[in-house]
Amino acid sequence: MNTSIIRTAYPPSHTSRPCSRLWMKRIDSSSGCTALKFKRENESRKSLKCVRIRDFGAKYSSELNGRRNPSSSATGEFAVADRLQLLVSEFKSLAEPMERVKRLLDYAARLPPCDESARSPENRVAGCATQVWVEAEMEEASGRMRFRADSDSEISKGFCSCLIWLLDGAEAEEVLELTAEDFEHVNIGLHGKGHSRANTWHNVLISMQRKTRALLEETKERRRNPSLSEDCLLSLSASLSL
Amino acid sequence: MILQEVNGSKLVYLDNAATSQKPTAVLRAIQTYYEAYNSNVHRGIHYLSAKATEEYELARKKIATFINASDSSEIVFTRNATEAINLVAYSWGLQNLKADDEIVLTIAEHHSAIVPWQFVAQKTGAVLKFVSLNQDEVPDIDMLKKLLSTRTKLVVVHHVSNVLASVLPVEDIVIWAHDVGAKVLVDACQSVPHMAVDVQNLDADFLVASSHKMCGPTGVGFLYGKSDILSSMPPFLGGGEMISDVFLDHSTYAEPPSRFEAGTPAIGEAVGLGAAIDYLSAISMQRIHDYEVDLANYLYESLRSVPNVRIYGPVPSENVRRAALCSFNIESIHPTDIATFLDQQHGVAIRSGHHCAQPLHRSLGISASARVSLYLYNTKEDVDYFIHALNDTVNFFNSFK
């Protein structure tokens, strides 16, 4: 168990990351990354993040890949704002609502599988018509956010998949800056921007932001009070993420 | 409204258990009120006020006649059935219930028929007892009978279930409840719009319904209560209209129904509800009911033919009638995904979720279901279109696996 990572409810099996092995296979086949990158993944989480995010793009959509901001791939910098633009323009370009549903189902299929333990009550996203679970952790070294999500509905999985593509590896501040309005044009099945239970985008985003805020507070608390026990931090985090 | 298009397809509206569409006569009645005689009721001397009061009270009378109440003073206008149940809970409940008194409900009740009684139980120490489903997936009437005792003070039951489509034998339940000295509150939201309901025949103590499910506007509903019971109840909301005299340290209260109608009511909406009742009565509730029984069977048989479908509630037969609605699931496809696809690809409006019946869903072992619910303006063609669209939906999601 890696004790340097501050985390919310994570099952021990998460660190073995079956998901990442799946990604690595795709990296090797689809984008022609070398075996060197595979080794680097095992040595440093930061490299994994960089590699994974670049190839997240390759995995997700050839269209998105084609339109990717050249500056972000050159420097390896993660730019949520750029990704949001890509996501919005991709969905806007799909004029027919059914095309958007199909694209979401595509993304749903690419969402890394989560094991059953992720489907816990504290991970449940409140207010959704379907069941959605979100896990969050913050990498201590970089302060960047990592997310995983799951749902019993394929369309909700598609939403989660897009949000994770957008925010997995982002800085905490970038996660918190997003608003529901940013996703106005990406919505499916809800005509308009209502605050109803059917608005999964909104609810999952709120959940991710709440957990991010909690982890940020925990980090600040830890810096103020290095002697605080792990249990205290976890309960602080739990109370802030409610 | 029904003739519009949604996502390029004709709208097929099959979510009537959630709310109904309104005939033009109702829309006209509301518009006429606001255009021609909009004025506050019961207070003014002038012509407009007199006219508004007359129409408002006429609407009350229409409701009384519609459900065969013995007097229109037994009809209290509320915002909806939920508010009506809360009225009974906060007024009658808090006054009459004490620790260890029992309230019997079924596990299939709507949240609005459960939650207010949880509040009352918390405040008074009364206990809620729930009737579970039997093997036919209807509330177990034998269990209900066994739960009744001298400790039972109230029985809260739906007439027609918004999920199971089952109909409870309310006349019998009332007889058994009265035998042990308990009162009965009937949630008639899914029955009053679809069949003739006679409160004197049922001998119910309280009955609630919402206008918006019966071709009337939103924002108005009613509580029926027997005169002697309403007369003994303290007020619910305080304010104008429900008082007799107001002093600084106390007030005296009006007689029912005014006692329970604080503030300016939804006058135009009440008039609209009256117009809805006129509309339905002109067709006749018996005709509507017979039409829907036929449609209900057609819906059930058609839906049963869809592969891997699971319909909740009783199987219809000679003795078992279902309402014209089906809650269902299809194996391996989330009901919300089904509803989204039906809406986006085919313009078919159904509902998905727990339908304000989480305890029921939990007891069925599911988190959500899809629900298709019909009304007098739906046809067999609508059902055919829905089934065709549903099959298309199933094929679509299966092809993605």
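Residues numbered from 1 in each chain as written. Chains lettered and ligands numbered in written order. Predicted model: local features only at pLDDT ≥ 70, side-chain atom pairs only at ≥ 80, totals over all residues. Heavy atoms only, no water.

Colleague: How should I be thinking about the pattern of salt bridges in this particular structure?
Modeller: Residues and elements named next belong to chain B. In the structure shown here, the tally under the stated rule is 24 salt bridges over all chains. The salt bridge involving D101 is made with K98; its shortest N-O contact spans 3.5 Å. Here D203 and K226 are joined by a salt bridge, their closest N and O atoms 2.8 Å apart. Of the two residues, D203 sits in the loop between helix 7 (199-202) and strand 9 (206-210) while K226 sits in the loop between strand 10 (221-225) and helix 8 (227-232), which places them 23 residues apart along the sequence. For K226, a relative accessible area of 17% gives the class buried. (Salt bridge = Lys/Arg side-chain N within 4 Å of Asp/Glu carboxyl O. Helix = DSSP H or I, 4+ residues; strand = E, 2+ residues; numbered from the N terminus. Buried < 20%, exposed > 50% of the residue type's maximum accessible area, 1.4 Å probe, protein only.)

Colleague: Looking at this structure, I do not really get the nonpolar core. What am I missing?
Modeller: If you look at the biggest cluster of nonpolar residues, it comprises 73 residues, and the most contacted ones within it are L166 and L167 of chain A together with L303, F328, I350 and F386 of chain B. It is helix 8 (residues 154-167) of chain A that provides the largest number of residues to this core, a total of 9 residues. Core analysis: the next-biggest nonpolar cluster, separate from the first, contains 62 residues, A59, A188, V192 and A209 of chain B among them. (Core = buried A, V, L, I, M, F, W, Y, C linked by side-chain atoms within 4.5 Å.)

Colleague: Honestly, the sheet that holds strand 9 of chain B in this entry has me stumped. Any pointers?
Modeller: One key point about sheets: their strands pair by backbone hydrogen bonds, in either a parallel or an antiparallel sense. Residue and element names in this part refer to chain B. Judged by pairing direction, the sheet is mixed, and its 7 strands sit side by side in the order 4-10-9-8-7-5-6 without closing on themselves. Strands with a single pairing partner mark the edges of an open sheet, and in this sheet they are strand 4 (75-78) and strand 6 (127-131). Across the sheet, the axes of successive neighbouring strands diverge by a mean angle of 20°, strand direction being ignored. Two elements, strand 5 (residues 102-106) and strand 7 (residues 152-158), share 4 bridges in a ladder whose sense is parallel. Bridged to L105 within strand 7 is V156. Contacting strand 4, strand 7, strand 8 (183-187), strand 9 and strand 10, helix 3 (residues 81-96) crosses the sheet at an angle of about 150° to strand 9. (Pairing = 2+ DSSP bridges. Axes fitted to C-alpha atoms, helices over the stretch in contact; angles between N-to-C directions. Contact = heavy atoms within 4.5 Å.)

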